[in-house]
Amino acid sequence: AQTIHQWPVAEIKAVGSPLSLGCTIKGKSSPNLYWYWQATGGTLQQLFYSITVGQVESVVQLNLSASRPKDDQFILSTEKLLLSHSGFYLCAWSYRGDSDYTFGSGTRLLVI
Amino acid sequence: GQQVQQSPASLVLQEGENAELQCNFSTSLNSMQWFYQRPGGSLVSLFYNPSGTKHSGRLTSTTVIKERRSSLHISSSQTTDSGTYLCALRRASSSFSKLVFGQGTSLSVVP
């Protein structure tokens, strides 16, 4: 069975500090991977997507970056957090073709 | 403007009542997906519905592409149905895939 695991579950970080969020997908070869972000009370927005290892496309500019170092791993990061980065981050995968999406449990980030 | 509009924004039901949630989209799409967002934030996929009608237990999803709308019908609501319901349209090509979400309908089912 396919599983998607996000880490950490929650973070409280200071403005200006670095951030790294991770996502691992098991049981699926070469999935499409995505990062989404939701500000408190806001709409979910797609940040990045990746269709293969080493290839990441940005959808929304939020002073964040993403990388896909392995087929089953997707990393979201920044060197300097902003207050506006607070919110809820979700990783998701879909498979080739017009299939549905599956989401991880998310990471809640508070920047203070 | 907003590509995906959901209505109503919020809804309160007595347990046992039915609900109809609407999703209207202003752009072309490949498919429509409905999610339930738990209070903790994680998403559960309810329906992947490119067109037509699909059923799952007490839930029914209907997507009419030419009218640019999709609906989610909840019958005989239960308190455990409370939460936020999101629709998302998918735009995809061979090398690109994007989900555009609506703002959600917050459902509260009271005993």
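Here goes a summary of the coordinates provided. (Residues numbered from 1 in each chain as written. Chains lettered and ligands numbered in written order. Predicted model: local features only at pLDDT ≥ 70, side-chain atom pairs only at ≥ 80, totals over all residues. Heavy atoms only, no water.)

Re the overall build of chain B
A count of helical and extended segments in chain B gives zero helices and 11 strands. In chain B, the succession of α and β elements from N to C terminus is β-β-β-β-β-β-β-β-β-β-β. Taking 2.2 N^0.38 as the reference for a compact globule, 111 residues should give roughly 13 Å; the C-alpha atoms of chain B span a radius of gyration of 14 Å, in line with that estimate. Across the 111 residues of chain B, 44% fall into the buried class. Within chain B, contacts between residues separated by at least 24 positions form 55% of all contacts whose residues are at least 6 apart in sequence. (Helix = DSSP H or I, 4+ residues; strand = E, 2+ residues; numbered from the N terminus. Rg over C-alpha atoms; globule rule 2.2 N^0.38 Å. Buried < 20%, exposed > 50% of the residue type's maximum accessible area, 1.4 Å probe, protein only. Contact = heavy atoms within 4.5 Å.)

Description of the state of the cysteines
Evaluation of the coordinates by the stated rule reveals two disulfides over all chains. Between the sulfur of C23 of chain A and that of C91 of chain A lies a disulfide, 1.9 Å long from S to S. With the S-S bond torsion at -75°, the cross-link from C23 of chain A to C91 of chain A turns out left-handed. Here C23 of chain A is found in strand β3 (residues 19–26), whereas its partner C91 of chain A is found in strand β9 (residues 87–94), with 68 residues between them in sequence. Bridging C23 of chain B to C87 of chain B, the disulfide has an S-S length of 2.0 Å. Between C23 of chain B and C87 of chain B, the disulfide has an S-S torsion of 75° and is therefore right-handed. Of the two residues, C23 of chain B is situated in strand β3 (residues 19–25) and C87 of chain B in strand β9 (residues 83–92); the sequence distance between them amounts to 64 residues. Its relative accessible area of 0% is what places C23 of chain B among the buried residues. (Disulfide = S-S within 2.5 Å.)

Examining the pattern of salt bridges
Residue and element names in this part refer to chain A. Tallying each qualifying case throughout the model produces four salt bridges over all chains. Salt-bridge contacts for K26 lead to D72; the nearest nitrogen and oxygen are separated by 2.7 Å. Of the two residues, K26 sits in strand β3 while D72 sits in the loop between β7 (65–70) and β8 (73–78), which places them 46 residues apart along the sequence. Residue K26 is classed as partly exposed on the basis of its relative accessible area, which comes to 43%. (Salt bridge = Lys/Arg side-chain N within 4 Å of Asp/Glu carboxyl O.)

What to know about the interface of chain A and chain B
Listed by partner, the interface residues are 21 residues for chain A and 21 residues for chain B. Across the interface of chain A and chain B, roughly 1700 Å² is buried in total on both sides, 50% from carbon and sulfur atoms. Linking chain A with chain B are zero salt bridges, by the criterion used here. At the junction of chain A and chain B, the tally comes to five residue pairs in polar contact (both at pLDDT 80 or more). Class assignment for the residues of the side of chain A that touches chain B results in 10 nonpolar, eight polar and three charged. (Buried area = accessible area lost by both parts, 1.4 Å probe. Polar contact = N/O pair within 3.5 Å; in protein donor to acceptor, adjacent residues only side chain to side chain. Nonpolar A, V, L, I, M, F, W, Y, C, P; charged D, E, K, R; others polar.)

Some points on the sheet that holds β3 of chain B
Residue and element names in this part refer to chain B. Pairing within the open sheet is antiparallel, and its five strands lie in the order β1-β3-β8-β7-β6. At either end of the open sheet lies a strand with only one pairing partner, and these are β1 (4–7) and β6 (52–56). Here the average twist between neighbouring strands, direction ignored, is 15°. By the bridge criterion, four bridges tie β1 to β3 in an arrangement that is antiparallel. Counterpart to Q6 in the pairing with β3 is C23. (Pairing = 2+ DSSP bridges. Axes fitted to C-alpha atoms, helices over the stretch in contact; angles between N-to-C directions.)

A word on the environment of M32 of chain B
Mapped onto the fold, M32 of chain B is located in strand β4 (residues 31–37). Leave out the neighbours within four places in its chain, and M32 of chain B touches C23, F25, F47, Y48, N49, P50, T63, S70, C87, A88 and L89 of chain B.

Interpretation note: all reported values are geometric properties and have no functional meaning in isolation.
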